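The primary structure of each chain is shown beneath.
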Amino acid sequence: MRILDLKLQCVEHPEALVMRLWRCAFSIKFLYPNSHLTFLANSSMPFSLFKNIQFIDRIFNVQKDFSAFLEEFDVLLFVFKHDMEDKIQIARKFKATKILMLFSQYLLKTKGFSYLFDSAYTRGGEIIRIINPYWKQDKNRVILGALRLVRALNKKHYDKNIQKIPLSKAKIITSRENKVFVDLKMQRLGANSYDKIIGISPFGKSASRGNANFSIEEWVEITKFLAKKYQNYFFVLMNYEGNPIEIEGLSEINSGIFVNNKDLLNLVELIGRLDLLLSVDTSNVHIADNLQIPTLEIIRQSEAKKWGGGSYGGVCEQIILPKEWKSNSKYYQNLFIQKSQELLENL
């Protein structure tokens, strides 16, 4: 079976790669070990992230390589936001016997019953729209929706074997250069002499756009408080090259700043060494989820059931921020500190 896994927004949303594609692809390869799995992207970033992975057979960057449009596939899994009609036209350019995508409750609400008979879905090649019962799902709706597409390949086979999938073997794999990069950074920080390493991830583009993040000054305040109380632990604040926001004010000897370059696998290597991640809602949470690193995140209420961690069997606690949380920001900051202490006490 030749399966085309279509995902065209990996640059803007790398967390979707981890949450949607990674577990989706691993599940397909476990359930159908003889299948040939192709992944399409619109950038070269997945080539770096997936370069050590065996369960994805090929990756195409459709911005540079158009040969994928000439090949034939048995199934196209449309693992894209299912209310993006323009991307459906892109999907139709591929030679696929069957196209599976999620039924869009959003389009049903906005277009009414005409959505059920829209020619964009009914003409040409067969498009099968799969309903994801999100109303039954308290968390991880995004990954569960993607897995509904995998289930649609063969429901009986999926239901019989889904619990057998060894998610502990689905971890992102780094390279020697990533290990050397992180080794050097952590040695310079003096982190390796401490009992535990706690990661603090204060930056997230989607959270900032949604006004669902503490200020960098508040993150520094949180870090200083925890570092002072837990002096046998090292607290590492995570930043990246080119970020216009600088982290200032750290004074505790058991804290420091890790600045990553553009290689996402360095971040994977660092997160894999953590004993706990304290974070805003960002891709780091999903990397920690994949690696089963305990996590505490702040997340806006509208996103809490869609995303979050815990989908690989690890621990992910959430502090959910309602719309008007800013009017009482000190309360949520203290709540985050309190929950952080509870997790730190149990390490």
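Keep in mind the model is a prediction, meaning the values are calculated, not measured. (Residues numbered from 1 in each chain as written. Predicted model: local features only at pLDDT ≥ 70, side-chain atom pairs only at ≥ 80, totals over all residues. Heavy atoms only, no water.)

A. Representation of the packing of helix α8 (residues 176–189) against helix α11 (residues 264–272). One can describe the packing of α8 onto α11 by two numbers: an axis separation of 9 Å at closest approach and a directional angle of 60°. Our classification of the angle between α8 and α11 gives oblique. α8 and α11 meet at a crossing whose hand is right-handed. Side by side, α8 and α11 meet where E177, N178, K179, F181, V182 and M186 of the first sit next to L265, N266, E269 and L270 of the second. When grouped by side-chain class, the residues that make up the contact of α8 with α11 number 5 nonpolar, 2 polar and 3 charged. (Axes fitted to C-alpha atoms, helices over the stretch in contact; angles between N-to-C directions. Helix = DSSP H or I, 4+ residues; strand = E, 2+ residues; numbered from the N terminus. Parallel < 35°, antiparallel > 145°, perpendicular 65-115°, else oblique. Left-handed = near helix turned anticlockwise from the far one by under 90°. Contact = heavy atoms within 4.5 Å. Nonpolar A, V, L, I, M, F, W, Y, C, P; charged D, E, K, R; others polar.)

B. Broad picture of the side chain of D289. Assignment of secondary structure puts D289 in helix α12 (residues 283–291). No salt bridge is formed by the buried D289, whose closest oppositely charged neighbour, R23, lies at an N-O distance of 6.8 Å. (Buried < 20%, exposed > 50% of the residue type's maximum accessible area, 1.4 Å probe, protein only. Lys, Arg positive; Asp, Glu negative; His and termini not counted. Salt bridge = Lys/Arg side-chain N within 4 Å of Asp/Glu carboxyl O.)

C. View of the packing of helix α10 (residues 216–229) against helix α13 (residues 329–345). Two elements in contact, α10 and α13, have axes whose closest approach is 11 Å; the angle formed by their N-to-C orientations is 35°. Classified by chirality, the crossing of α13 by α10 is right-handed. Only S329, K330, Q333, F336, I337, S340, Q341, L344 and E345 of α13 make contact with α10, whose side of the interface consists of E218, W219, E221, I222, F225, L226 and K229. Its residues placed into classes, the contact of α10 with α13 shows 7 nonpolar, 4 polar and 5 charged.

D. The sheet that holds strand β12 (residues 316–321), seen in detail. Taken together, the 6 strands give an open sheet; going across it, the order is β9-β8-β7-β10-β11-β12, and neighbouring strands pair in parallel fashion. The sheet is open, and its two edges are formed by β9 (255–260) and β12, each paired on a single side. Here the average twist between neighbouring strands, direction ignored, is 20°. Pairing of strand β11 (residues 295–300) with β12 involves 6 bridges; the strand directions are parallel. (Pairing = 2+ DSSP bridges.)

E. Quick peek at the packing of aromatic side chains. This model, assessed by the stated rule, comprises 12 aromatic pairs. Ring geometry for W325 and Y332: centres 6.2 Å apart, planes at 85°, overall edge-to-face. The class of W325 is buried, set by a relative accessible area of 2%. A relative accessible area of 13% means that Y332 is categorised as buried. Of the aromatic side chains, those joined through ring pairs into one cluster are F214, W219, W325, Y331, Y332 and F336. (Phe/Tyr/Trp six-rings, centres within 6.5 Å; stacked < 30°, edge-to-face > 60°.)

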